[in-house]
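Here are the chains, one letter per residue:
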Amino acid sequence: MLAGLVSALGCGRAWVARTELPALTPVTSTEVLDAEGRLLRAFTVEDGRWRLAADPSGVDPRLIDMLIAYEDKRFYSHHGIDPLAMLRATAQAVRHGEIISGGSTLTMQVARLLEESGTGSWRGKLRQIRVALALEAQLSKADILSLYLTLAPYGGNIEGVRAAARIWFDKEPERLTPAQAALLVVLPQSPESRRPDRHPEAAKAARAAALARFVRAGIITQDDADAAVREPLPRKRHVFPALAPHLTARLYRAAPDLPVLHTTIKASLQASLERLAEQALAGRDPQSSVAIMVADHQSGAVLATVGSGGWDRAGGFIDMTRALRSPGSTLKPLIYALAFDEGLAHPETLVDDRPTAFGSYAPQNFDGMYRGELRASEALQLSLNIPAVALTKAIGPTRLIAALRQCGAQTALPGNEAPGLAVALGGLGMSLEGLMQVYMTLARGGTPLPLHYLVQETPRESREVVSAANAWQVGHILAGLIPPEGQPIGKIAYKTGTSYGHRDTWALGFDGRYTVGIWLGRPDGTPVPGAFGADVAAPLLFDVFQRIAQQTTPLPPPPPDVLLVENAALPAPLQRFRPRESAFATQVNAPKITFPPDGATLLLDDAPLTVRVQDGGPPFAVLIDGKPVIIGVHRREIPLPSPPDGRTFLSVIDATGRSDRVQIGITTAP
């Protein structure tokens, strides 16, 4: 007999071992989390079901105790089936002529949920027993609990305790009241007939009966149970969070199989700016939209991104942070930074604002007025078009496009043509995301850093677009703009822009840590008469900064090599701007740099860099990356302070303004 028992046990183990188990990693909703792990958005699984992955460690321990007491009090001691419970269920069925209780363990229920099988037939029950025994042989009790907490039905399209807690209580199940925990325990037994939004009396009765059982089991006190019975039931379903809908949808499309996406977004700031976007559009053309971005330019992390003013508005599904639009005047700060960097101008350089034709291109200022001769810093603050186009002609439109792309911005030129001077005034396509890259570069002292949205990304700095000194000069000029009424001056460096025909209004700015971008307009490109960036977008920009932090981060001090002088103290060639063809064109007897040769790479040790000049009339001025380092020297062999490692422009200007320039590489490495 003993041999027969041993043989039977061996056969039973073999029968269990041969069990073909269903997939033990059920598909769960992809969750997009903010920087602190809070849920921004979740996506349903097949058939539109909400099913969030759950783990006992993330669930209120009291709920776990209640679940074990209610469903399977010998869960931790049995191996998949509970013989005592099975005998009780069989006796009840014989006595009453029908199944009164199933005797199913939590493991058997997990087996049913994994296979989505019914409970009405003995054949189905036998299959559940076999799968339960196999599950216990392969999984830990914690793993089995995780599967139950993930798959248990809670009515409608809700599966799992986390989805249920979100829907019914608008919270995670980490901390629950006794009433909430009890409801989540009893719902899976009859998920439709006990739904609190449809059958509140049935739900209330089941909860009360369970609470009484939990008192007898010593899980809660009678006082807790009495208070829980009086606690109102949830009468409607809450909606899942859907913050940053454009971004979360984009990230989900890019990685639909990842269970969790950890973003750099700050949920509280994102929610605040989504409300602000709706307020900004209140009372405006219902076809209009808005886009807002906030980034930490020290790390490149995007902290908030609003793609529209709401899904219910016309074009609300379009992510306007990525749409290509005309940037208007928002490129002018980079134009001036490049001109400063190449030694063409200085903030104190005088520039002309007069009617000017550049070949067949004859731009005008936005207001149709001209200011004559004024400082470059004033021309930038007034956003004058003629000086910006003149500087673009001097540096070259291709150089401007290359700088934009070096910042990390995408550009689209009409018909894929070569860039012309119109790019200076917005004659190309750019996105808010791209303009954020440009302004972040200026905010970071001329060195670009890619924007990123996921915490696991580690962007790398690229080589500088402009020097730190000239990036600071531009930021200092922009900080001097008069801000919207009621805002302090000098706290935020910002620039506004309005595209041709009032189709797009922009405002971009930065303080010592954050860069913010605003776009307002219509997604279909229809003009919005009377809309100006300064009037519409700038106030919104400052509102955003107020929501980021109570106080703005101070702008950085000037780098040590910034040249802060009045116009009269500048070298003569920098006192008034002249186009490159007059400033740098080869002329008879013009100075020529004979050493170092153009394109050379020099290894410097302790000896100074010496520039040799041929021809031209002294005194000479020498500029390194647009910054005068030697003024009024009569020698033709001129020792210079060692430039920094990397790409460097050397310019020599003689007494009559004739000049020569070379580009060299510097390295101090042995």
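Report follows, based on the coordinates. (Residues numbered from 1 in each chain as written. Predicted model: local features only at pLDDT ≥ 70, side-chain atom pairs only at ≥ 80, totals over all residues. Heavy atoms only, no water.)

1. Observations regarding helix α13 (residues 332-341)
Step number 1: Of all 10 residues in α13, 10 are buried, a share of seventy percent or more.
Step number 2: Looking at α13, one finds that the buried residues are Lys332, Pro333, Leu334, Ile335, Tyr336, Ala337, Leu338, Ala339, Phe340 and Asp341.
Step number 3: Along its buried surface, α13 packs onto α14 (376-381), α15 (385-395), α16 (397-407), α17 (432-443), α18 (468-479) and β10 (493-498).
Step number 4: After α13 finishes, the residue Gly343 shows a positive phi value of roughly 75°. (Buried < 20%, exposed > 50% of the residue type's maximum accessible area, 1.4 Å probe, protein only. Helix = DSSP H or I, 4+ residues; strand = E, 2+ residues; numbered from the N terminus. Contact = heavy atoms within 4.5 Å.)

2. Focus: empty space enclosed by the protein
Step number 1: Tallied over the full model, the rule gives 3 cavities of 30 Å³ or more.
Step number 2: Considered class by class, the residues forming the lining of the second largest cavity number 1 nonpolar, no polar and 4 charged. (1 Å grid on protein atoms, 1.4 Å probe; cavity = no way out; pocket = protein on both sides within 12 Å on 5 of 7 lines; lining within 4 Å. Points joined across faces, edges and corners; volume = space filled by probe spheres on them. Nonpolar A, V, L, I, M, F, W, Y, C, P; charged D, E, K, R; others polar.)

3. Considerations on the sheet that holds strand β20 (residues 659-667)
Step number 1: Pairing in this open sheet of 5 strands is mixed, and the strands run β14-β20-β19-β16-β17 from one edge to the other. Because the sheet does not close on itself, it has two edges, and the strands there are β14 (601-603) and β17 (627-633). Ignoring which end each strand starts from, the neighbouring axes of this sheet average 25° apart.
Step number 2: Inspection of the sheet shows strand β16 (residues 620-624) paired to β17 by 4 bridges, in the antiparallel sense. Bridge pairing in β17 places Val622 opposite Ile630. (Pairing = 2+ DSSP bridges. Axes fitted to C-alpha atoms, helices over the stretch in contact; angles between N-to-C directions.)

4. Quick word on the packing of aromatic side chains
Step number 1: In total, this model carries 6 aromatic pairs according to the counting rule given.
Step number 2: Here Phe43 and Tyr252 contribute two aromatic rings whose centre-to-centre distance is 4.1 Å and whose plane-to-plane angle is 5°, an arrangement assigned as stacked. With Phe43 in the loop between β2 (39-42) and β3 (50-51) and Tyr252 in helix α11 (residues 245-254), this pair connects stretches of sequence that are 209 residues apart.
Step number 3: For Tyr252, a relative accessible area of 24% puts it in the partly exposed group.
Step number 4: Ring centres 5.0 Å apart and planes at 70° place the aromatic pair Phe75 and Tyr76 in the edge-to-face group.
Step number 5: The residue whose ring lies beneath Lys141 is Phe75, and the NZ or CZ to ring-centre distance is 4.5 Å.
Step number 6: Looking at Arg612, its charged tip hangs above the ring of Phe595, at a distance of 5.0 Å from the centre. (Phe/Tyr/Trp six-rings, centres within 6.5 Å; stacked < 30°, edge-to-face > 60°. Lys NZ or Arg CZ within 6 Å of the ring centre and 35° of its normal.)

5. What to know about the packing of helix α4 (residues 106-115) against helix α6 (residues 141-151)
Step number 1: α6 packs onto α4 with a crossing angle of 55° between their chain directions and a minimal axis gap of 9 Å. It follows that α4 is oblique to α6 by the angle criterion. For α4 against α6, the interelement crossing comes out left-handed. On the side of α4, the interface is formed by Leu106, Thr107, Gln109, Val110, Leu113 and Leu114, while α6 contributes Ile144, Leu145, Leu147, Tyr148 and Leu151.
Step number 2: Grouping the constituent residues of the contact of α4 with α6 by class yields 9 nonpolar, 2 polar and no charged. (Parallel < 35°, antiparallel > 145°, perpendicular 65-115°, else oblique. Left-handed = near helix turned anticlockwise from the far one by under 90°.)

6. Some details on the nonpolar core
Step number 1: Core analysis: the largest hydrophobic core is formed by 107 residues, its most contacted members being Leu273, Val294, Leu404, Ile518 and Val544.
Step number 2: Of all the elements, helix α19 (residues 533-548) adds the most residues to this core, at 9 residues. (Core = buried A, V, L, I, M, F, W, Y, C linked by side-chain atoms within 4.5 Å.)

7. Some points on the sheet that holds strand β13 (residues 592-595)
Step number 1: Read across the open sheet, the 3 strands follow the order β13-β15-β18; overall the sheet is antiparallel. With partners counted over all chains shown, the strands left at the sheet margins are β13 and β18 (637-640), one partner each. Shown here is a sheet whose adjacent strand axes are inclined to one another by a mean of 35°, direction ignored.
Step number 2: Pairing between β13 and strand β15 (residues 609-614): 3 bridges, direction antiparallel. Residue pairing in the sheet places Lys592 in a bridge with Gln614 of β15.

8. A few points about unusual backbone geometry
Step number 1: The step from Phe595 to Pro596 runs through a cis peptide bond, and the omega angle for that step is 0°.
Step number 2: Residue position: Pro596 is located in the loop between β13 and β14.
Step number 3: With an omega of 5°, the peptide bond between Pro618 and Pro619 qualifies as cis.
Step number 4: Structurally, Pro619 is set in the loop between β15 and β16.
Step number 5: Residue Asp47 is not a glycine yet carries a positive backbone phi of 65°.
Step number 6: Judged by its relative accessible area of 71%, Asp47 is exposed.
Step number 7: Even without a glycine there, the phi angle at Asp615 is positive, about 65°.
Step number 8: Take Asp615: it is sitting in the loop between β15 and β16.

9. Things to note about the pattern of salt bridges
Step number 1: Taken as a whole, this structure holds 29 salt bridges when the rule is applied.
Step number 2: Put simply, Arg49 and Asp47 hold a salt bridge, and the shortest N to O gap is 3.8 Å.
Step number 3: The class for Arg49 is buried, based on a relative accessible area of 14%.
Step number 4: Close ionic contact of Arg195 with Asp197 constitutes a salt bridge, the shortest N to O distance being 2.7 Å. (Salt bridge = Lys/Arg side-chain N within 4 Å of Asp/Glu carboxyl O.)

10. Observations concerning the environment of Phe649
Step number 1: Positionally, Phe649 belongs in strand β19 (residues 646-653).
Step number 2: Spatially, the C-alpha atom of Phe649 lies 41 Å from that of Asp319, the residues being 330 residues apart in sequence.

11. So, the packing of α13 against α17
Step number 1: Here α13 crosses α17 at 45°, and the two axes come no closer than 10 Å. In terms of axis orientation, α13 runs oblique to α17. Here α13 runs over α17; the crossing is left-handed. Contacts from Pro333, Leu334 and Ala337 in α13 reach Val438, Tyr439 and Leu442 in α17.
Step number 2: Partitioning the contact of α13 with α17 into residue classes produces 6 nonpolar, no polar and no charged.

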